[in-house]
Amino acid sequence: MPSFLRLIFLTLLAAPLLAQAEPPAPSNQAGTEHVQARLVASQATVAPGQRFTVALEQDIKPHWHTYWQNPGDSGQATTISWAGAEAGPIQWPTPSLQIIGPIVNYGYEGRPALLVELTVPADAKPGGRFQPTAEVKWLVCKDVCIPEQVTLGLDLPVVASAADAKASADTAQIGEWQRAIPKPAPFAVQLKAAPQGVQLSGQTAGPSEKVSKAYFFADTWGAVAHSAPQVLKAEGSGWALDLPAGDEPMAAGKPLSGVIVLTTSTGEQAWTVSAPMPEGAGKGPGPAGLEAPAATPLPTPAPESDLGLLPALALALVGGLILNLMPCVFPVLSIKALALVREGNHKAEGLAYTAGVLASFVLLAAVLIALRAGGQQVGWGFQFHSPVFVLVVTYLLFLVGLSLSGLFEIGGSFTGVGSGLAARQGLAGSFFTGVLAAVVATPCTAPFMGAALAFALGQPAAVLLAVFLALGLGLALPFLILAFWPAAQRWLPRPGAWMDRFKQFLAFPMYAAVVWLLWVLAQQTGPDGVALALMGLVLIAFGLWCRHSSGASLVGTGAAVISIALALGMSVWIKPIAADVRAESATETYSAERLAELRAQNKPVFVNLTAAWCISCLVNERVALSRPEVKDAFAKAGVVYLKGDWTREDPRITAVLKAHGRSGVPLYLYYAPGAAEAQVLPQILTPGVVIEAVSTPSASPRSSS
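Residues numbered from 1 in each chain as written. Predicted model: local features only at pLDDT ≥ 70, side-chain atom pairs only at ≥ 80, totals over all residues. Heavy atoms only, no water.

1. Some details on the overall build of the protein
Part 1 of the reasoning: Counting its regular elements, the protein contains 18 helices and 26 strands.
Part 2 of the reasoning: Taken over 705 residues, the protein has a buried fraction of 49%.
Part 3 of the reasoning: Excluding contacts between residues fewer than 6 apart, the proportion of contacts in the protein whose partners are at least 24 apart in sequence is 76%.
Part 4 of the reasoning: Of the roughly 32,300 Å² that the protein leaves accessible, carbon and sulfur atoms contribute 62%. (Helix = DSSP H or I, 4+ residues; strand = E, 2+ residues; numbered from the N terminus. Buried < 20%, exposed > 50% of the residue type's maximum accessible area, 1.4 Å probe, protein only. Contact = heavy atoms within 4.5 Å. Areas by Shrake-Rupley, 256 points an atom, 1.4 Å probe, with all protein chains shown as cover.)

2. Focus: the pairing of strand S20 (residues 255-264)
Part 1 of the reasoning: Here S20 lies mainly inside the structure; 8 of its 10 residues are buried.
Part 2 of the reasoning: In this structure, strand S17 (residues 213-218) lies alongside S20, joined through 6 bridges in antiparallel fashion. Looking at the pairing, Ala 218 lines up with Gly 258 of S20.
Part 3 of the reasoning: Where S20 meets strand S21 (residues 267-276), 10 bridges bridge the pair, whose relative direction is antiparallel. (Pairing = 2+ DSSP bridges.)

3. A few points about the sheet that holds strand S25 (residues 667-671)
Part 1 of the reasoning: Read from one edge of the open sheet, 5 strands run S22-S24-S23-S25-S26, paired in mixed fashion. Two strands lie at the open edges of the sheet, namely strand S22 (588-589) and strand S26 (679-680), each paired on one side alone.

4. So, the side chain of Thr 78
Part 1 of the reasoning: Note on placement: Thr 78 falls in the loop between strand S4 (66-72) and strand S5 (79-83).
Part 2 of the reasoning: Setting aside anything within four residues of it in sequence, one finds Thr 78 in contact with Leu 56, Gln 58, Thr 66, Tyr 67, Ile 90, Trp 92, Leu 114, Val 136, Lys 137 and Trp 138.

5. Remarks on the pattern of salt bridges
Close approach of charged atoms lets side chains of opposite charge pair.
Part 1 of the reasoning: The tally for this structure, following the rule as stated, stands at 9 salt bridges.
Part 2 of the reasoning: Put simply, Glu 57 and Arg 38 hold a salt bridge, and the shortest N to O gap is 2.6 Å. Placement of Glu 57 in strand S3 (residues 51-60) and of Arg 38 in strand S2 (residues 35-41) is noted, with a sequence separation of 19 residues between them.
Part 3 of the reasoning: In this structure, Arg 111 and Asp 59 form a salt bridge, with 3.0 Å as the shortest nitrogen-oxygen distance. (Salt bridge = Lys/Arg side-chain N within 4 Å of Asp/Glu carboxyl O.)

6. Section: helix H18 (residues 687-695)
Part 1 of the reasoning: When we look at burial in H18, the residues that qualify are Pro 687, Val 690, Ala 693 and Val 694. Seen end-on, H18 carries its buried residues on one side only, within an arc spanning 135 degrees. Turned more than 90 degrees from where H18 packs its buried face, Glu 692 and Ser 695 sit exposed. (Arc of directions from axis to C-beta.)

7. Some details on unusual backbone geometry
Part 1 of the reasoning: Of note in the backbone geometry, His 63 takes a positive phi value of approximately 75 degrees without being a glycine.
Part 2 of the reasoning: Among the residues examined, His 63 registers a relative accessible area of 63% and is labelled exposed.
Part 3 of the reasoning: Even without being glycine, Asn 602 reaches a positive phi, approximately 65 degrees.
Part 4 of the reasoning: Mapped onto the fold, Asn 602 is located in the loop between helix H14 (592-600) and strand S23 (605-610).
Part 5 of the reasoning: The class for Asn 602 is partly exposed, based on a relative accessible area of 25%.

8. What to know about the confidence of the model for the protein
Part 1 of the reasoning: Averaged over the protein, the pLDDT score is 78; the fraction of residues at 70 or greater is 76%.
Part 2 of the reasoning: Predicted confidence in the protein is weakest over helix H1 (residues 3-20), with a mean pLDDT of 48, and strongest over strand S9 (residues 113-119), with 96.
Part 3 of the reasoning: Ignoring residues within four places in sequence, the model shows residues 285-305, a span with pLDDT below 50, making 62 contacts including any to other chains. (pLDDT = per-residue confidence, 0-100.)

9. Things to note about the packing of aromatic side chains
Part 1 of the reasoning: Enumeration according to the criterion identifies 17 aromatic pairs in this entry.
Part 2 of the reasoning: Between Phe 187 and Trp 271, the ring centres sit 6.3 Å apart and the planes meet at 75 degrees, which makes this aromatic pair edge-to-face. Pair noted here: Phe 187 is in the loop between strand S14 (183-184) and strand S15 (189-194) and Trp 271 is in strand S21, with a separation of 84 residues, a long-range link. Of the two residues, Phe 187 and Trp 271, neither departs from the other in class, the shared state being buried.
Part 3 of the reasoning: These aromatic residues form a ring-pair network of at least three members: Trp 68, Tyr 106, Tyr 215 and Phe 217. (Phe/Tyr/Trp six-rings, centres within 6.5 Å; stacked < 30°, edge-to-face > 60°.)

10. What to know about the pairing of S25
Part 1 of the reasoning: With respect to burial, S25 is a largely interior element, 5 of its 5 residues being buried.
Part 2 of the reasoning: Across 5 bridges, the pairing between S23 and S25 is antiparallel. Within S25, the residue paired with Asn 608 across the bridge is Tyr 668.
Part 3 of the reasoning: Relative to S26, S25 runs antiparallel, the two sharing 2 bridges. Among the inter-strand pairings, Leu 669 is bridged to a residue of S26, identified as Val 680.

11. Thoughts on the environment of Pro 157
Part 1 of the reasoning: By secondary structure assignment, the location of Pro 157 is in strand S13 (residues 156-157).
Part 2 of the reasoning: Considered as a pair, Pro 157 and Gly 127 are 30 residues apart in the sequence and their alpha carbons are 6.7 Å apart.
Part 3 of the reasoning: Leave out the neighbours within four places in its chain, and Pro 157 touches Ala 44, Thr 45, Val 46, Gly 128 and Arg 129.

Shown next as structure tokens:
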């Protein structure tokens, strides 16, 4: 028989045997470019009907992450499809926050282990093999997201009974992973309705334990806004956590469940909790009339500043010095100049001016501390969010302008005091000049201030107060140096008749500041608010004219007081209008969803977070962002310009600022195509800085994660 016929004959004889042979089981280990995976069993041998634990261990490449059962704003949970065995649900270890720009996800880095309970078929034959297989799929992300999958298997001998089954060498490791799975909380929790969602509250494990940090991971997507701040509050002897509603909040009566992570003096512990949703829960953190977006950055888990107290104090001092050169402080320079050329006790005036500045910054810090204790997210310049505050400052600057124009004297005859108190009135004038300087400085942010303020707002009250005092000292320092340094005093001009003309001239910067504040008010309240403010200015001018024309008589002074009171009373009718969502020409309104959409399309994006009351922002827009050469660079590079308005406090923008370590505007971000993170531009822009940023060659294309 020829050799090839013998080969065919042998093959035909072996075919039935090959058909009856079981295929080899898949390996318990497999890997992709970014994740190495393996199955780890608690048993070395198994018995029919036995239930045991299997772990899927993932070794994830550094700086990449996979996802929890609720992936958060984006992503996809890991799935395991079993064949050849009955499998229970995945037991998930506590996730961590994965923050990528404005997106907050829940997932894992490093070497997580997902546990599953497997049951051996009851009809498994002793002496045979138990060979279940698992098709594992995951999404692994860094600056791009890549779906990956592997097939894994086990090959375990089957013995006659559970008494004969032996544990594997990995039993201890399995036990360690099991201890990392959150267990049911040993305390009860409750949910009650809150304006923006619900409030979760409970007691600590021990009566002496105080919760310093808390975060709730809802196990259902959309039940809680993943990217919104979760504010921790004291609730009697326990704790309470505000949970803003997500895109798909649970219906009343349905259980809201998840993992609560509590940090106490004994360390960090994670517990599973569940409570029924109450009636009347709020609808999320968005402003009234607008649907709250799901994708806003989370300030609470933002990396804490490791700047340190001494560097923060130094940066605050330098920032305060530079603040004197910012355009928002320019109107007050007129009052400083007149105080410096006035004859008198320069040292006392310098101290009085410094005291006014420092007192104002202490008051500002105290208000910030109080608001923060109440759970509010506030930042630098927060008071200009209030239209009433803007209106009062408008009146104040208008009064200063009228005084400089000669209609009346602040601290002089208007107070009705004698000339014997003139020196004391001069000190009072210097003090309130310092107060005014501090008030109008708050809508500006100078270089070096951002890092110092971001550090301060995350520290205890004493540290925050120290940083604010350093900032105030920097603002007052130039005036203080001139007051105490004799050589510097020789630079001051001699008093003379020119002072009256100079004084009247310097009234016009004050009037210009009034116009600016009216424009800010228009952004906040619309035409009606501006009309009320203008009527208030008319009343103030009328009242002061009555007093001036009557020779400061009792009737004229009374008319002035009544007019000013009526002007202030108009603040009752000042109401903020809803956010204007109309975008400028070639400019889109910022939203986290729009940013994520553009980044998914691999488009370059420039984000400008600004406010109408921030003069630094307006100057940057005039001298840089509105320049033709910058617009041409945007058009050439295909840059999409997103603009976020913080004029009326918006918690979504506050969260973006905190996510980037800032306490206030301006904030400029450029997302190049393929870039993992945004490039943060300086707070003081030039056309060259912007053009250089958008002209930088982009990285490889990316997908949103």
